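Structural overview for review
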Amino acid sequence: MEENRYFDIEDETAEVPVKKLKYFVDGEFKVSSTKNYMDCYNPSTGDIIAHAPKCTQAEVDAAIESATNAYPEWSQTPVSKRVQVLYKFKALVEEHLEELTYLLCQEEGKNWTESMGDVLKVNEVVEFACGAPHLMKGESLMQASKGYDTVLYHHPIGVFAGIAPWNFPAMIPHGWMSPICIATGNCMVLKAASFVPQSSLRLAELWREAGLPKGVLNIVTAGRNEAEIFLKHPDIKGVSFVGSTSVGKHIYKTAAAHGKRVQALTEAKNHALVMRDAKLERTARGIINAYCGCAGARCMACPVIVVENAIADELISYLKKFVAEMKLGPAYDPDTGMGPIMNEGHLKFVADWIEKGIEEGAELIVDGRNPVVKGYENGFYLAPTIFDHVTPEMTIGDEEVFGPVLCIKRVDTFEEGLAIMNKSRFANGSVIYTQNGHYAREFAFRTDAGMVGVNVGIPVPLGIFGFTGHKDSFFGDLHVMGKDGFAFFTESKCVTQTWFPETEEAVGKVDTWDGTISSMPDKYK
């Protein structure tokens, strides 16, 4: 029997083989009937390496139908048996770690260790989701009222949709979205990011190999019109989304209006406050990692630093020194410090923001535009860029650029710095660099951001905690991962019961509350 893979090769004789990608429904990879395919690039070289289908409305509907049909049996499968699939999936991810890392490097552009971390973050949440037999346990109270007992259960809900972004092709769809959904007995239809769907599709092969039943997980690539189906389809019970704030607001408004649960993780403009007592050399290295890591394309990047004037010039000298040492190169070269931007369109988007910063009057002190990477001249490269003297009226310091561009805002005091940071409409992460415990505690208590670092530039919590963004960085009530993740994918059911003795007639008065108010005075019973 011919192996059912996520792709076919369009031309075996081509110098750069191009994959024709499929979609995944009912446990099989299928060739789309669409005539519209989207280009997927290797950003390190600029070559087209795959074509992803814009699945039709009928194909999206078929994916939802497959999940809907799979739900009854999967939801009734004992949770201890469900997580056995997750254990096997985790082992397969570990077995294929280097292969998955290379694939992610090739399609998205993160350097080797960043891409490996993207894959390892899948297993971090899978490990947590394997605790479902414990985490799904409810609560109970015997003798809640005289002769009455109450038990609370957590149940799966149905079919969920996951709409994934391009910046973390493995971690977000198969870490943040799928594992807890599947472990709790639900089914999922994922819309993989059309620019970078290969990692997600390859991981679907591993889910299938791990024994996941047909229809529990389905994956499509589609345009915006087809993705809109998820927001209104009656069989979709909830939507998990990561992407832009404008789209997140639309998804939250539309899906909620159709009675669905929503968690929408959106943009950020995270700030770090650098106090005069900070360890400046180590702080500078932390800042560079925080704004250049993943070429700046992560919603927990730190693209703004708010620096006390007393040490600003000294800190900037360190920053200039260390960014000059940054090695640009192909993502899959282990010696590469920073890989390329994901595609040419996003490279132009970031470059346009740099022009905007110049027009607004920010001082461009490190210009990373138009670097030459020998042997990879057609790749989509941008070197680290730094603006100084960014002031409150400049949008370069307030809006998400999603690239390796650092903005420096100067202040004189802790209070001034904290006030500037809290004026942001975003509130994903915030950081303080200091050796002063008082300022560290004040900052952690008073910052608006939901994920806070003290001398930690990327304060992303482990999967056992929630990813707790606020303001225009999140729309919904329950965050991804952690206990919130289990609450999002389950609903509660309380069962209150009383039993009558077989030896007596069940007689007597029944009041309005049917015996459930234990504090009712005897004379009113």
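In what follows, the accompanying structure is described. Computed from a predicted structure; not experimentally measured. (Residues numbered from 1 in each chain as written. Predicted model: local features only at pLDDT ≥ 70, side-chain atom pairs only at ≥ 80, totals over all residues. Heavy atoms only, no water.)

This paragraph deals with the pairing of strand 12 (residues 236–242). Among the 7 residues that make up strand 12, 6 are buried, leaving the element largely enclosed by the rest of the structure. Sheet topology note: the strand 9 (residues 159–163)/strand 12 ladder contains 5 bridges and is parallel. Paired with Ala161 across the two strands is Val239, which belongs to strand 12. Two elements, strand 12 and strand 13 (residues 261–265), share 5 bridges in a ladder whose sense is parallel. Looking across to strand 13, one finds that Gly238 is bridged to Arg261. On the question of chirality, the crossover connecting strand 12 to the parallel strand 13 by way of helix 10 (residues 245–257) is right-handed. (Buried < 20%, exposed > 50% of the residue type's maximum accessible area, 1.4 Å probe, protein only. Helix = DSSP H or I, 4+ residues; strand = E, 2+ residues; numbered from the N terminus. Pairing = 2+ DSSP bridges. Right-handed = clockwise from strand over helix to strand, strands pointing away.)

Our next topic: the state of the cysteines. Applying the stated criterion across every chain yields a total of 0 disulfides. The thiol sulfur of Cys187 is not disulfide-bonded, and the nearest other cysteine sulfur, from Cys181, lies at 7.3 Å. Free of any disulfide, Cys407 has its nearest neighbouring cysteine sulfur in Cys302, separated by 11 Å. Since its relative accessible area comes to 1%, Cys407 is described here as buried. (Disulfide = S-S within 2.5 Å.)

Let us look at the pairing of strand 13. In terms of burial, strand 13 is a largely internal element, 4 of the 5 residues being buried. With 3 bridges connecting them, strand 13 and strand 23 (residues 474–476) associate as antiparallel partners. Considered in strand 23, the bridge of Ala264 is made with Phe475.

An order of 16-17-18-15-14-20-21 is seen for the 7 strands of this open sheet, with the pairing classed as mixed. Edge strands, defined here as strands with exactly one partner in the open sheet, are strand 16 (363–366) and strand 21 (451–454). Pairwise comparison of adjacent strand axes, ignoring direction, gives a mean angle of 20° for this sheet. In this structure, strand 15 (residues 304–308) lies alongside strand 18 (residues 405–411), joined through 5 bridges in parallel fashion. Among the inter-strand pairings, Val304 is bridged to a residue of strand 18, identified as Cys407. (Axes fitted to C-alpha atoms, helices over the stretch in contact; angles between N-to-C directions.)

Remember, this is a structural readout, not a statement about activity or role.
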